[in-house]
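Coordinates in review
Okay, here's what each chain looks like letter by letter:
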Amino acid sequence: VIVPAHNEAGTIGSTLTALLSGEGSDAFDVVVVCNGCVDDTASEARAAAARLGRDVRVLTTPTASKTAAIRLGEAVAGHP
């Protein structure tokens, strides 16, 4: 699952909690791609993953583009 995130510090934690708390959620890879963020989205995503005890890859790119974020996430999804 690729989660493109642009300045989502206030909501990324609840997004990841909803995504990763369900049954079977350990069956998929999660990549959060912080794109063009000027807030603490990346650190909030890492903190949420730690609270949930889950391995979530958090990438950052200075390019504020949902399309570019998805492509970046696709390049690494399923490849630890």
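None of the values given here were measured: they were computed from a predicted structure. (Residues numbered from 1 in each chain as written. Predicted model: local features only at pLDDT ≥ 70, side-chain atom pairs only at ≥ 80, totals over all residues. Heavy atoms only, no water.)

1. Digging into the overall build of the protein chain
- Counting secondary structure elements, the protein chain contains three helices and three strands.
- Its C-alpha radius of gyration of 12 Å places the protein chain within 12% of the 12 Å reference for a compact globule of 80 residues.
- With the C-alpha coordinates of the protein chain rotated into their principal frame, the extents come out at 35 × 25 × 15 Å.
- Looking at the protein chain as a whole, 30% of its 80 residues are labelled buried.
- A sequence separation of at least 24 residues applies to 76% of the contacts in the protein chain between residues at least 6 apart.
- A total accessible area of about 4,500 Å² is found for the protein chain, and carbon and sulfur atoms account for 52% of it.
- Across the protein chain, 6 positive and 9 negative side-chain charges occur, with their mean positions spaced 4 Å apart. (Helix = DSSP H or I, 4+ residues; strand = E, 2+ residues; numbered from the N terminus. Rg over C-alpha atoms; globule rule 2.2 N^0.38 Å. Buried < 20%, exposed > 50% of the residue type's maximum accessible area, 1.4 Å probe, protein only. Contact = heavy atoms within 4.5 Å. Areas by Shrake-Rupley, 256 points an atom, 1.4 Å probe, with all protein chains shown as cover. Lys, Arg positive; Asp, Glu negative; His and termini not counted. Charge placed at Lys NZ, Arg CZ, Asp CG, Glu CD.)

2. Observations regarding the pattern of salt bridges
- As enumerated under the stated definition, the model contains one salt bridge in all.
- Where Arg-57 meets Asp-29, a salt bridge forms, and the shortest distance between an N and an O atom there is 2.4 Å. With a gap of 28 residues between them, Arg-57 in strand 3 (residues 57-61) and Asp-29 in the loop between helix 1 (12-20) and strand 2 (31-35) connect regions that are remote in the sequence.
- By relative accessible area, Asp-29 is classed as partly exposed at 25%. (Salt bridge = Lys/Arg side-chain N within 4 Å of Asp/Glu carboxyl O.)

3. So, unusual backbone geometry
- Positioned with a positive phi, Asn-7 is a non-glycine residue whose angle comes to about 55 degrees.
- Residue position: Asn-7 is located in the loop between strand 1 (2-5) and helix 1.
- A relative accessible area of 32% places Asn-7 in the partly exposed class.

4. Some points on the sheet that holds strand 3
- Strands sit in the order 1-2-3 across an open sheet of three strands; the sheet is parallel. Looking at the sheet topology across the chains shown, the edges are occupied by strand 1 and strand 3. Strand after strand, the sheet turns through a mean of 20 degrees between neighbouring axes, direction not considered.
- Sheet analysis places strand 1 next to strand 2, joined by four bridges and oriented parallel. Bridged to Val-3 within strand 2 is Val-32.
- Running over the sheet, helix 2 (residues 41-52) touches strand 1, strand 2 and strand 3 and is turned about 175 degrees from strand 3. (Pairing = 2+ DSSP bridges. Axes fitted to C-alpha atoms, helices over the stretch in contact; angles between N-to-C directions.)

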